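Analysis of the macromolecular model
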Amino acid sequence: MSVVIWRAVGMRCSAILVAVLWAMASAVEACSVSGDFVRSSTYEMVEGADAVVVATPIKEVGDEPGSTSVQFRVDFALKGKPPSEFIDDWAYIGRARQSDPNDISVAHPEGFMGPCSRMTFEEGRQYVVFLKRSVDGSGTGWRKVHHTFWRDGEDYHGPDSLWVEVLNFYIGVEAAEPDRMRVIEVLAGHLPRLERPGATPNERALAADIRDHLSSLSPWKPTAFLIEAYEALDRGESPRFGIRGLEANQEGGPAQALTDAVFDTQRPPFDREEQKFYILQSLITGEHPEAGPFFERIIAAKPTPRQTGMAIRWLAGNGKLARAYDMAEAAAVGLANLTRDEAALLISDILVAMSGDLDEEAWARDPYVASRWPTLALSLQVTGEELGLGDGGWSLTRPIRELFTGDWRADPRISLILAAGFDEDAEAWAIAELARALPLADWRDEADPVWLPAQMLVLGYGEPRDEALLDAYCSGGKTGRIVIMTALAQRGDTIMDFMLLERLIEDLPDTSGLDKVRDALTFRYAEMTKHEEPSMFGGRDSDELMNLIVLIDSMLGSTIPDHAPCAGG
């Protein structure tokens, strides 16, 4: 934000920032995860590791001050053939609370903080660590695996400790039975012995850990196991080993409660339909290429919108992007008939399917999809806005930019979307075009060329944008003031935009044309309140608009104070 605008709104902004930072301060220590996160079970940690070792931290390493890397010496291996040393990039040496040697049902407390896994180790102490070979061959070629919310760096309490006993048991099972479906039966076969009357505390602890594994329908389970559980639910039955509750994938405790409150987290009941959806998520986020016949049955049976989204994602992730696109295009036709939540989920699934892996653009590498996806992406963006979804956190600007012809006025929808995506070319054109069009503008004419660059500029971000807005307001006379305030009312989408608009309204030299700003705010308020829900602090974003409407109503016909932000006051 420019210095002049900051002066104009700084006092109000500082008070709001203090409130926000105070509310967020305690949540900073917490570990937040995505909605589809699934905590690994102990067996899955063992199965996924190339080596399980007992290691001792030697020293902190790194060239940068405050380095958070620790070099470990491998003392001996429980599984695999590890290196003699490795470096953990998410750790430091210091005083550390020790793990409870008699409780394997929870992770070390640091597993719920910061990077979501233990990070503090004492020099000279021994720890049980899971290692994976680095695919890029960097460093020693090995890295410590960080398992969110679970036991990936627990203290070593000796060869007869409960944690080591459990790990050795699982390592033996994995070595003896390569068939992953057979492993399920082997583990289940141990439960009668471990849960018998008179079982030892260690045996009961192992039994509970096995049940945690068997009831976790995670992405790492065998495909047949997941499909079997889904089909049981579809018949109205319970899966053989039940389903682990979603609380196992959450941090829990006061920090979780605060995070939920700050971000207004709403979780639907984990009923039968949610359980089925949970399994579908595991089938698309894990590696399950053999799930094709299962998804074909879902597609053939008139799938729900959620099932459709999952099927599109599975097809796209398993070498069938063109078919996934055709299915997405057909599904998009009925978006207007869905609920807002259904539409939001389906649009999100289509976007993930077309984008591929994180930061990749799968659609651009398929000629058939590349020739069609940009048009559908624009349609989805517009439909989402019509349904009051905003941009849903989507990133559709890249495919939509493929539709740009070089003329910013050819299709205002594309221009506004690219401006909202902070397109540098869009901002540069808007700044230059606003300066050109403003002296000739008629703010009473809704079709005047000045409105497009003004709205595009409001959707942008950064100091050049702020300075251009203020310059147009201060040097454009009455037309400049009305155009900038109306554009902020029409397109402003941050609290800073609304605070700026409030200050500009308060500091007007006269109220002429202010009714146009009020009309824009009233229309925007009506559109926003159709679908709006409370924000993170319990209020509504539309409250800011209503406050501005009330301010304008109080000013129309009243005396205007003699001060203006253009003088830097």
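Treat the numbers as computed from the prediction; the structure is a model and nothing was measured. (Residues numbered from 1 in each chain as written. Predicted model: local features only at pLDDT ≥ 70, side-chain atom pairs only at ≥ 80, totals over all residues. Heavy atoms only, no water.)

**Description of the overall build of the chain**
Our working rule: Strands are runs of DSSP state E lasting at least 2 residues, helices are runs of H or I lasting at least 4, and numbering of each runs from the N terminus. Relative accessibility thresholds used throughout: buried, under 20% of the residue-type maximum; exposed, over 50%; partly exposed, between the two (1.4 Å probe, protein chains only). The contact criterion used throughout is that any non-hydrogen atoms of two residues lie within 4.5 Å. Note on areas: Shrake-Rupley with a 1.4 Å probe; residue coverage comes only from the protein chains shown.
Looking only at helices and strands, the chain has 23 helices and 8 strands in total. Out of the 569 residues belonging to the chain, those deemed buried represent 47%. Sequence separation of at least 24 residues holds for 68% of the intrachain contacts in the chain that already meet a minimum separation of 6. Here the chain has roughly 27,300 Å² of accessible surface; of this, 53% comes from carbon and sulfur atoms.

**Describing helix H9 (residues 292–300)**
Heads up, the rule is: Taking the helix axis as origin, the arc is that swept by the directions to the C-beta atoms.
Residues of H9 that are buried: Gly292, Phe294, Phe295 and Ile298. Along the axis of H9, the buried positions cluster into a sector of 160°, meaning they face one direction only. Residues of H9 that are exposed and angled more than 90 degrees away from the buried face: Pro293 and Ala300. Considering only its buried residues, H9 is in contact with helix H6 (223–234), helix H8 (272–285) and helix H10 (305–317). Positioned one or two residues after H9, Lys302 has a phi angle of 50°, which is positive.

**What about empty space enclosed by the protein?**
We apply this condition: A cavity, in this analysis, means grid points on a 1 Å lattice covering only the protein atoms where a 1.4 Å probe fits yet has no way out; a pocket is instead an open set bounded by protein on both sides within 12 Å along at least five of seven lines, and a residue lines either one if it has an atom within 4 Å of a point. Grid points are joined across faces, edges and corners, and a volume is the space filled by probe spheres set on the points.
All told, the structure shown has 3 cavities of 30 Å³ or more when counted by the stated rule. Its boundaries defined by the atoms lining it, the largest cavity holds a volume of some 60 Å³. For the lining of the largest cavity, the secondary-structure elements that each account for two or more residues are helix H2 (42–48) and helix H4 (180–194). No other element matches the 3 residues that H4 contributes to the lining of the largest cavity.

**A look at the layout of surface pockets**
Threshold: In this classification, the charged set is Asp, Glu, Lys and Arg, the nonpolar set is Ala, Val, Leu, Ile, Met, Phe, Trp, Tyr, Cys and Pro, and all remaining amino acids, among them Gly, are polar.
What the second largest pocket holds in volume is close to 740 Å³. Lining the second largest pocket are 28 residues, and of these Ser40, Pro219, Trp220, Thr285 and Gly286 lie nearest its centre. Broken down by element, the residue count for the lining of the second largest pocket peaks at 4 residues, all from H2. Of the residues in the lining of the second largest pocket, the class split is 8 nonpolar, 10 polar and 10 charged.

**A closer look at the nonpolar core**
This is how it is decided: Only buried residues count toward a nonpolar core, which is a set of Ala, Val, Leu, Ile, Met, Phe, Trp, Tyr and Cys residues joined through side-chain atoms within 4.5 Å.
Phe295, Met354, Trp373 and Met485 are the most contacted members of the largest nonpolar core, which totals 136 residues. It is helix H3 (residues 162–176) that contributes the most residues to this core, 9 residues altogether. Excluding residues that lie within four positions of it along the chain, Phe295 makes contacts with Leu280, Leu283, Ile284, Met310, Ala311 and Trp314. Residues Ala51, Val74, Tyr127 and Leu131 belong to the second largest nonpolar core, which totals 13 residues.

**What about the packing of aromatic side chains?**
So the rule is basically this: Two rings belonging to Phe, Tyr or Trp (six-membered ring only in the last case) form a pair when the distance between their centres is within 6.5 Å. Interplanar angles under 30 degrees mark stacking, angles over 60 mark edge-to-face geometry, and anything in between is tilted.
Under the criterion given, the structure shown has 14 aromatic pairs. With 5.5 Å between their ring centres and 80° between their planes, Tyr43 and Tyr170 make a pair best called edge-to-face. With a gap of 127 residues between them, Tyr43 in helix H2 and Tyr170 in helix H3 connect regions that are remote in the sequence. Summarising the aromatic geometry, the rings of Phe169 and Tyr170 are spaced 5.6 Å apart at their centres and angled 55° between planes, so their arrangement reads as tilted. Members of the aromatic cluster, each reached through a chain of ring pairs, are Phe72, Phe86, Phe121 and Tyr127.

**Some points on the pairing of strand E3 (residues 85–88)**
Short version of the rule: When DSSP finds two or more bridges between two strands, those strands count as paired.
Of the two faces of E3, only the one carrying Phe86 and Asp88 is buried; Glu85 and Ile87 on the other face are not. Inspection of the sheet shows strand E2 (residues 69–79) paired to E3 by 4 bridges, in the antiparallel sense. Across the sheet, residue Phe72 finds its bridge partner in E3, namely Phe86. Between E2 and E3, which pair antiparallel in sequence order, lie 5 residues; one of them, Gly80, sits at a positive phi of approximately 80°.

**Regarding the pairing of strand E1 (residues 51–61)**
Where burial is concerned, most of E1 is hidden: 8 out of the 11 residues are buried. Two elements, E1 and strand E6 (residues 127–133), share 5 bridges in a ladder whose sense is antiparallel. Paired with Ala51 across the bridge in E6 is Leu131.

**Some thoughts on the pattern of salt bridges**
Let me state the cut-off plainly: Between Lys or Arg on one side and Asp or Glu on the other, a salt bridge is scored when a side-chain nitrogen of the former is within 4 Å of a carboxyl oxygen of the latter.
In the structure shown here, the tally under the stated rule is 36 salt bridges. Note that Asp425 is salt-bridged to Arg401, the shortest N-O span being 3.1 Å. Note that Asp425 is positioned in helix H17 (residues 424–437) and Arg401 in helix H15 (residues 397–401), a separation of 24 residues in sequence. For Asp425, a relative accessible area of 49% puts it in the partly exposed group. The class for Arg401 is partly exposed, based on a relative accessible area of 27%. Glu433 is the salt-bridge partner of Arg436, the closest N and O atoms lying 2.7 Å from each other. Here the residue Arg436 and the residue Glu433 both occupy positions in helix H17, the gap between them amounting to 3 residues, near one helical turn. Relative accessible area serves as the criterion here: at 46%, Arg436 is assigned to the partly exposed category. Several salt bridges share partner residues, and in doing so they unite Arg39, Asp212 and Arg244 into one network.

**Describing unusual backbone geometry**
Phi is positive for Lys302, close to 50°, though the residue is something other than glycine. Tracing the sequence through the fold places Lys302 in the loop between H9 and H10. Look at Phe422: it is not a glycine, yet its phi comes out positive at around 60°. Relative accessible area serves as the criterion here: at 51%, Phe422 is assigned to the exposed category.

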